[in-house]
Amino acid sequence: MDFRGEIDSDFLNTISIFWLRAHPPTAKEHFTMGLAYIFMMVLGVTGNSLVIYMFSRCRTLRTPANALVINLAVSDLGMMMKIPVVIYNSFHHGPALGSLACRFYGFIGGLTGTVSIATLTAIAIERYHVIVYPLNGQRSSSHLRQVVAFVWLYSFFFSGIPFLDIGLGRYVPEGYLTCCTFDYMSASVEATIFLMIYFICAWCLPFLTIAFCYMQIMRAVAFTNRLQCTKVRNKTELKLSAVVFGIIALWFLAWTPYAVVALMGISKYRSYITPFASMMPAFFCKSAACLNPYVYALTHTKFRKEIHKMLQSCGRKKDLQYVVSFSRIATKHVVKELTISEGSKGEKSP
């Protein structure tokens, strides 16, 4: 209703008639969504940038096992880089940036979202391998580089098909028309088949793999802890259970709503989808990119120690700067007093 911008004809042709039949969102709804995305972007950029900085700064953190955590932070930071598009559109009450920004937004979202999902799955597999089969040793750095390369190629494949628009779907506006995603409202058989394959490869298999790996990790730790005293064993198992439940629940809550909406879109239940109902699952997906650095990096013991060292070092530097500045002021004051006293002596001597 209050759209502040020119109509892009190419963009208009990509909008599903389903959204055009819906009542347009109010200016208050656009403003609220824009503010929410600003808060998310600040939180996500801060957390992921801190993770990348700390891993590049500290040699103790640059281990092969942490390569996947760095890759997760890079992909989540990439997810944050597209948020200015939806913020700008929200404050203009519509698709002010047009079709090119829509395709860019959809492609970056599809790429980084798939990279994050695949990386979380790889982290679960690596942790399962190290904890359940400790005698096999840790994977080499070359192996993990191959895993990272496979994750990006895997993600480029699924995100590149809609971007190329070769008949298997494309990136189109959704909900408030301020952001874009896979065309799950298309009646095309080819687009439906692609989305079903993507749903299996980017939700079903990762979720089952993550759940299996962490449940096996918890089982292996519980078996090992039988040799410990009851109090210590119960405390360890309770803490591990909470962490495992939190990781699985976070992944499930972040990605399941979007998968459900996409499945409803390609089925006969699309009439139950509202613009707001399509915007919230997309928001949940991006919120995972904000929480991942705090869950997977800040819970890392060595990472927390390095953060503590850095803060202590910053505190020492501030203290040293304070001492130096105080010494300079004191020295200037002493020199001034000596100059005055010497001058007064010189005046008395004649």
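K.L.:
Sorry, what's going on with unusual backbone geometry here?
P.N.:
Peptide bonds are trans in most cases, and residues, glycine excluded, mostly fall at negative phi. The phi dihedral of Asp165 falls on the positive side, at around 55 degrees, and the residue is not glycine. Relative to the assigned elements, Asp165 resides in the loop between helix H7 (141-164) and strand S1 (171-174). Positive phi is not limited to glycine here, since Leu177 has a value of about 65 degrees. Turning to its location among the elements, Leu177 is positioned in the loop between S1 and strand S2 (179-182). Its relative accessible area of 17% is what places Leu177 among the buried residues.

K.L.:
Please clarify how the packing of helix H4 (residues 67-81) against helix H10 (residues 275-296) should be interpreted in this entry.
P.N.:
Relative placement of two packed helices is described by the angle separating their axes and the distance separating the axes. Put simply, H4 and H10 touch, their axes get as near as 9 Å, and they point 150 degrees apart. With respect to H10, the element H4 is oriented roughly antiparallel. Along this stretch, H4 crosses H10, giving a crossing that reads as left-handed. On H10, the residues that touch Val69, Leu72, Asp76, Met79 and Met80 of H4 are Lys286, Ala289, Cys290, Asn292, Pro293 and Tyr296. Tallied by class, residues from the contact of H4 with H10 come to 8 nonpolar, 1 polar and 2 charged.

K.L.:
What is the right way to look at helix H5 (residues 83-91) in this model?
P.N.:
One full turn of an α-helix is made of 3.6 residues, so residues set three or four places apart face in the same direction. For H5, the set of buried residues is Ile83, Val85, Val86, Ile87, Asn89 and Ser90. The inward-facing, buried residues of H5 contact helix H3 (27-57), H4, helix H6 (98-132), S2 and H10.

K.L.:
Looking at this model, I keep getting lost on the packing of H4 against H6. Mind explaining?
P.N.:
Orientation of H4 relative to H6, taken along the N-to-C sense of each, is 160 degrees, at an axis distance of 9 Å. It follows from the interaxial angle that H4 and H6 lie roughly antiparallel. Note that H4 runs across H6; the crossing there is left-handed. Across from Leu68, Val69, Asn71, Leu72, Ser75, Asp76, Gly78 and Met79 in H4, the residues of H6 making contact are Ile108, Gly109, Thr112, Gly113, Val115, Ser116, Thr119, Leu120, Ala122, Ile123 and Glu126. Its residues assigned to classes, the contact of H4 with H6 comprises 9 nonpolar, 8 polar and 2 charged.

K.L.:
Would you take a moment to explain the nonpolar core for this structure?
P.N.:
Inside soluble globular proteins, nonpolar side chains tend to come together where they are buried. Among the nonpolar cores identified, the biggest contains 86 residues, and Trp19, Tyr37, Tyr184, Trp203, Tyr214, Trp251 and Trp255 are the most heavily contacted of them. Residues in contact with Tyr37, not counting those within four places in the same chain, are Ile83, Val86, Ile87, Ala282, Phe283 and Lys286.

K.L.:
Could you clarify how one ought to interpret H4 in this entry?
P.N.:
For H4, spanning 15 residues, the distance from its first C-alpha to its last is 21 Å, which sits close to the expected 21 Å at 1.5 Å a residue. The buried fraction of H4 is high, at 11 of 15 residues. Inspection of H4 places Leu68, Val69, Asn71, Leu72, Ala73, Ser75, Asp76, Leu77, Gly78, Met79 and Met80 among the buried residues, and these make up the whole buried set.

K.L.:
Please explain the pattern of salt bridges as it appears in this structure.
P.N.:
Where charged atoms of side chains with opposite charge meet at close range, the side chains can pair. One pass over the full model with this rule turns up 1 salt bridge. Among the ionic pairs, Glu306 bridges to Lys309, the shortest N-O distance being 4.0 Å. Separated by 3 residues within a single helix, Glu306 and Lys309 lie in helix H11 (residues 301-348), roughly one turn from each other.

Analysis parameters
- Residues numbered from 1 in each chain as written.
- Predicted model: local features only at pLDDT ≥ 70, side-chain atom pairs only at ≥ 80, totals over all residues.
- Heavy atoms only, no water.
- Helix = DSSP H or I, 4+ residues; strand = E, 2+ residues; numbered from the N terminus.
- Buried < 20%, exposed > 50% of the residue type's maximum accessible area, 1.4 Å probe, protein only.
- Axes fitted to C-alpha atoms, helices over the stretch in contact; angles between N-to-C directions.
- Parallel < 35°, antiparallel > 145°, perpendicular 65-115°, else oblique.
- Left-handed = near helix turned anticlockwise from the far one by under 90°.
- Contact = heavy atoms within 4.5 Å.
- Nonpolar A, V, L, I, M, F, W, Y, C, P; charged D, E, K, R; others polar.
- Core = buried A, V, L, I, M, F, W, Y, C linked by side-chain atoms within 4.5 Å.
- Expected span 1.5 Å × (residues − 1).
- Salt bridge = Lys/Arg side-chain N within 4 Å of Asp/Glu carboxyl O.

That's the geometry; what it means functionally is another story.
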